[in-house]
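Working through the structure, step by step
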Amino acid sequence: MAISGWYLRLTPFLLLILQPLTLQGQTQEAQPSKSVAASKVCTSRKTALVLAGGGARGSAHIGVLKVLDSLGIRPDLIVGTSIGSIAGALYASGYSGKQIDSIVRVYQIARLFSSYQPSLPPSVGVGLQPITVWESRDGEWLMQSGAVKESEVVAVMNQLMLAGNMRAKGNFDSLAIPFRAVATDLATRKSVILDKGDLAHAVRASFAIPLVFDGVRLNGKVLVDGGLSDNVPVSVARALGADRVIVSILRDSTSTPELKSSTAAAVAQMLDFLVVQSKDTAAAGDVFIYSNTEKYGLLDFDIKSMSELASIGEKNARAAFEKAICSDKREKKSPLVLKNTRVGKVSVTRHYGDDVYAAVRELNIMPDRVMSFDSLRAGIDRVSRLDSYNGVWLNPSSGNNGNTNFNPQFIRRPVRTFGMGASYVSSIGGRIWVGGLSRKAPLRAMEVFSMVGIDELSQQISAGLRYKSLKSIPISPLIRVSVTREKPRFYVGDSLQFTGADVLGTRLLIGSEQQFSDFFRYRAGVESQLWKIEDSSTVTAVGLRATLWMLRGNGEPIMTFEGDMNNKYRKAMVTAGITYKYSRISVTPKIRAGVGTDLPNHETYSVGGFDGFPGYKVFEVRGSQEFSGSMLFRVAVKGPLHIRLEPAVMRMNDENELRASIISLPSGWIGGVRGGLDIGTPIGPIRFEIGRNSAGKTQGAVVVGNWR
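Residues numbered from 1 in each chain as written. Predicted model: local features only at pLDDT ≥ 70, side-chain atom pairs only at ≥ 80, totals over all residues. Heavy atoms only, no water.

On to the overall build of the protein. Within the protein, the regular secondary structure consists of 12 helices and 37 strands. Counting across all 708 residues of the protein, residues that qualify as buried make up 51%. A total accessible area of about 31,100 Å² is found for the protein, and carbon and sulfur atoms account for 57% of it. (Helix = DSSP H or I, 4+ residues; strand = E, 2+ residues; numbered from the N terminus. Buried < 20%, exposed > 50% of the residue type's maximum accessible area, 1.4 Å probe, protein only. Areas by Shrake-Rupley, 256 points an atom, 1.4 Å probe, with all protein chains shown as cover.)

Laid out in structure tokens, this is it:
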């Protein structure tokens, strides 16, 4: 995973910085290096730069590009496979090698290859942490791999290639240097040479590494990584008319590579087996640059490894050009100038009931209006966060009078999604839930969702539907209904109270739910409630209910505000927590603050929520006013094993004097601390901890999974 989204939002500032560098660095003719031995100028022939595939090892290409800049060498054509297509497309767009080095650092490409927690659409539940998620695509069910997040990949590719895409306008020969990306037809395993269309889409197809990325549907074919058919596409360059080639090859010189037992290492080794590296004989004047990358894996995208690989590529490129029989003619590279453009036509394919108009609105491309690059970048980012779409391919083309036409192709999320989760807390038992969502309703712009949860304390079923967007205003109408049966727990000493008082309740919410910015999502409306406590009459409440979430790029809530105001009671709760990582240590501050008046038993707050409080059982302390906070420290010991320590403070009050007297709420502020171990597993963390507080209470706990 986001691509959390913060580095995407750095893009405008990055390019503002890089643009003057581009103009300065590329409008002046580069000076030849004194270390180049060859003094004879090569005869005027068509020269192609060929950049091989190789995953993270392709960072060596950046060093090669830096050397080309220092020598003033300008190829007539660039051909790239896989990672070579990324570097090649950026260089062909007009960026220098030094700028490309800066760009990949800012975008932190390694994040694209980081595993992420499987997730369900937020309409099912915000912040849910399922064990497994299945998605229906093209008529078949596939399990979410957790390898990469497609929406982040699409957004990053669009941002990286935006300048080149707008320059090419569908024709890769219109770039500063003509460019070709090599992909593989999955059906025939033959090379497919991409020379037109959306530049970001073509590059995305070229590096669709099997087992890591999904294949790309393009021009009626399913395309995967170009390395499966031609990892070093010299033959492609020659077929396109190149008389001379400069080739950057990522070579593993070890005959017996070190074998590692990790899953990532096994996948990387398997990918090495799949790569097809064609043989080509060097002709007079050709320059073959071999970078020995045996120390690095296909997925080693960390900054340290990428820097080392760039240095290796630079060193080998200089050595290769020193041995060249001739030097190249020095030419200026066409400067990369980012200009606002006027939008011509915007053509979209719309199906009945589709919500594509809302996506176009978020993209913010309006016919016959001037469009800025910053505005387009922000729009691309917004589309990648929509509930309906993983992203968009812009497909720009040349229009009349220098205008730019767009035919945006929006990438739909799966038609159906289904997930389940399970957890266990030693003091309250286990919990299991299943939930799902379907977008294949009579209107495709409609989501139908449901969820069932069962535990020792409660049973709940909820369902609803949401029309994802109205054409003219950013509102998504929502109807949501839930039925719950629960037993509120209260404690006096160590004995349970009110265990037989079942509460049967229903809720009907009519309103709207939508994510309205990069970080915020809301659900609000008019709510009607009915509840019946055992052997009592039914109570009816009608009022307003609202929930506001502040989210991270991966959809995890950082802060949640919940408010409920009706004719029977009023309550408001704020919870917040965010994790900061420093090498092997992570720190998570958490706070909870809730107030309520006239709360029935089942609406009272339990201190710490499902996490509880040191020294108390979960739900042991309840009331109508809660203020609590903690600071969780986790230290990685080895592999999935962590040591954890969590000091905490809390204060709980209850305006209901009778209820407060029965459960003997602790008075004043209470401090506590708990500590133990946790182990990461496929079903979530397993925690063993013990806690004690200033009220003299001690409580141990075993927790499996996440109670969400």
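Having seen the model, we can carry on.
Another aspect to go through is the packing of aromatic side chains. The relation between two aromatic rings is expressed through the spacing of the ring centres and the mutual angle of the planes. Using the criterion set out here, one finds 9 aromatic pairs in the structure. The interplanar angle of 45 degrees and the centroid separation of 6.2 Å between the aromatic rings of phenylalanine 172 and phenylalanine 179 together place this pair among those described as tilted. In terms of burial, phenylalanine 172 and phenylalanine 179 fall into one category: buried. On the numbers, 5.2 Å between centres and 85 degrees between planes, the contact of phenylalanine 207 with phenylalanine 213 is edge-to-face. Note on accessibility: phenylalanine 207 and phenylalanine 213 belong to one class, buried. Clustering of aromatic rings is evident, with ring pairs tying together Phe516, Phe520 and Tyr522. For arginine 204, the ring lying beneath its charged end belongs to phenylalanine 207, and the centroid distance is 5.6 Å. (Phe/Tyr/Trp six-rings, centres within 6.5 Å; stacked < 30°, edge-to-face > 60°. Lys NZ or Arg CZ within 6 Å of the ring centre and 35° of its normal.)

Let's shift gears to the packing of helix 10 (residues 356-363) against helix 11 (residues 373-384). Between helix 10 and helix 11, whose axes approach to 7 Å, the crossing angle comes to 140 degrees. Between helix 10 and helix 11, the angle falls in the class oblique. Of the residues in helix 11, those in contact with Ala359, Glu362 and Leu363 of helix 10 are Ser375, Leu376, Gly379, Ile380, Arg382 and Val383. Considered class by class, the residues forming the contact of helix 10 with helix 11 number 5 nonpolar, 2 polar and 2 charged. (Axes fitted to C-alpha atoms, helices over the stretch in contact; angles between N-to-C directions. Parallel < 35°, antiparallel > 145°, perpendicular 65-115°, else oblique. Contact = heavy atoms within 4.5 Å. Nonpolar A, V, L, I, M, F, W, Y, C, P; charged D, E, K, R; others polar.)

Taken N-terminus to C-terminus, the directions of helix 3 (residues 83-93) and helix 5 (residues 150-168) make an angle of 40 degrees; their axes are 9 Å apart at the nearest point. Classed by the angle they form, the pair helix 3 and helix 5 counts as oblique. You can see that helix 3 and helix 5 cross each other, and the crossing is left-handed. Contacts from Ile86, Ala89, Leu90 and Ser93 in helix 3 reach Met157, Leu160, Met161, Gly164 and Arg167 in helix 5. Classifying every residue of the contact of helix 3 with helix 5 by side-chain character gives 6 nonpolar, 2 polar and 1 charged. (Left-handed = near helix turned anticlockwise from the far one by under 90°.)

Turning to helix 3, a few remarks are in order. With 11 of 11 residues buried, helix 3 lies mostly within the body of the structure. Taken residue by residue, helix 3 has Ile83, Gly84, Ser85, Ile86, Ala87, Gly88, Ala89, Leu90, Tyr91, Ala92 and Ser93 as its buried positions. Of the residues flanking the end of helix 3, it is glycine 94, one or two places downstream, whose phi is positive at about 125 degrees.

Looking now at the side chain of serine 628. Topologically, serine 628 is positioned in strand 33 (residues 625-638). Within polar-contact distance, the side chain of serine 628 engages the side chain of glutamate 626 at 2.9 Å. Apart from residues lying up to four places away in sequence, serine 628 is in contact with Lys590, Ile591, Arg592, Val607, Gly608, Val649 and Met650. (Polar contact = N/O pair within 3.5 Å; in protein donor to acceptor, adjacent residues only side chain to side chain.)

Turning next to the sheet that holds strand 14 (residues 396-398). The mixed open sheet is built from 4 strands, whose spatial order is 12-11-15-14. Since the sheet does not close on itself, it has two edges, and those belong to strand 12 (370-371) and strand 14, each with one partner. (Pairing = 2+ DSSP bridges.)

This part is about the pairing of strand 19 (residues 446-455). Here 8 bridges tie strand 18 (residues 429-438) to strand 19, and the two strands are oriented antiparallel to one another. Within strand 19, the position partnered with glycine 436 by the bridge is serine 450. In this sheet, strand 20 (residues 458-467) lies alongside strand 19 in antiparallel orientation, the contact comprising 9 bridges. The residue of strand 20 that forms the bridge with isoleucine 454 is glutamine 459. The loop that links strand 19 with its antiparallel partner strand 20 comprises 2 residues.

The periodicity of an α-helix, 3.6 residues per turn, causes residues three or four positions apart to be oriented the same way. Compared with the 28 Å implied by 1.5 Å per residue over 20 residues, the 29 Å span of helix 9 (residues 303-322) between its first and last C-alpha is a close match. Of all the positions in helix 9, only Ser305, Met306, Leu309, Ala310, Gly313, Ala317, Ala320 and Phe321 are classed as buried. Considered in projection along helix 9, the buried side chains sweep an arc of 135 degrees and stay on one side of the axis. Those residues of helix 9 that are exposed and aimed more than 90 degrees away from the buried face are Lys304 and Lys315. Packed against the buried residues of helix 9 are helix 2 (60-71), helix 4 (97-107), strand 9 (244-251) and strand 10 (287-292). (Expected span 1.5 Å × (residues − 1). Arc of directions from axis to C-beta.)

So, about a nonpolar patch on the surface. Taken together, the side chains of Trp134, Trp141, Met143, Phe418, Ile432, Val434, Val452, Ile454, Ile461, Val483 and Leu504 present a nonpolar region at the surface, about 950 Å² in accessible area. Where the nonpolar patch is concerned, the elements lending two or more residues are strand 4 (140-143), strand 18 and strand 19. Locating isoleucine 461 in the fold gives a position in strand 20. Overall, the relative accessible area of 46% leaves isoleucine 461 in the partly exposed class. (Patch = residues over 30% accessible without salt bridge, like charges linked within 9 Å, V, L, I, M, F, W, Y side chains within 5 Å. Salt bridge = Lys/Arg side-chain N within 4 Å of Asp/Glu carboxyl O.)

Here we take up unusual backbone geometry. We note that serine 82 has phi near 55 degrees; this positive angle belongs to a residue other than glycine. Here serine 82 shows up in the loop between strand 2 (77-81) and helix 3. The exposure class of serine 82 is buried, given its relative accessible area of 3%. The backbone phi angle of aspartate 368 is positive, close to 60 degrees, even though this residue is not glycine. Residue placement: aspartate 368 occurs in the loop between helix 10 and strand 12.

Quick look at the pairing of strand 17 (residues 416-425) now. Note on strand geometry: in a regular strand, side chains alternate between the two faces of the sheet. Taking every second residue as pointing to the same face, the buried face of strand 17 carries Thr417, Gly419, Gly421, Ser423 and Val425, while none of Arg416, Phe418, Met420, Ala422 and Tyr424 on the other face is buried. In this sheet, strand 17 lies alongside strand 3 (residues 132-137) in antiparallel orientation, the contact comprising 5 bridges. By the bridge assignment, threonine 132 is partnered in strand 17 with methionine 420. As defined by bridge partners, strand 17 adjoins strand 18 across 10 bridges and the pair is classed as antiparallel. Bridging across to strand 18, valine 425 finds its partner in glycine 429.

Moving on: the confidence of the model for the protein. Taken residue by residue, the protein gives an average pLDDT of 83. The fraction at 70 or more is 82%. A low-confidence stretch, residues 253-266 stays under pLDDT 50, and its non-local contacts, those more than four residues away or across chains, total 6 contacts. (pLDDT = per-residue confidence, 0-100.)

Once that is clear, we can look at the environment of arginine 634. By secondary structure assignment, the location of arginine 634 is in strand 33. With a relative accessible area of 23%, arginine 634 lands in the partly exposed category. Separated by 12 residues in sequence, arginine 634 and glutamate 646 place their C-alpha atoms 8.7 Å apart. A distance of 3.2 Å separates a polar atom in the side chain of arginine 634 from a polar atom in the side chain of histidine 642.

Mapping serine 372 onto the fold places it in the loop between strand 12 and helix 11. Exposure remark for serine 372: the relative accessible area of 24% places this residue in the partly exposed category. Considered as a pair, serine 372 and lysine 339 are 33 residues apart in the sequence and their alpha carbons are 7.5 Å apart.

This part takes up the pattern of salt bridges. Inspection of every chain in the model, using the stated rule, returns 35 salt bridges. With a closest N to O distance of 2.8 Å, aspartate 564 and arginine 545 form a salt bridge. Of this pair, aspartate 564 sits in strand 27 (residues 557-566) while arginine 545 is found in strand 26 (residues 538-551), placing the two residues 19 residues apart along the sequence. Here glutamate 626 ties to arginine 592 by a salt bridge, and the two come within 2.9 Å at their closest N and O atoms.

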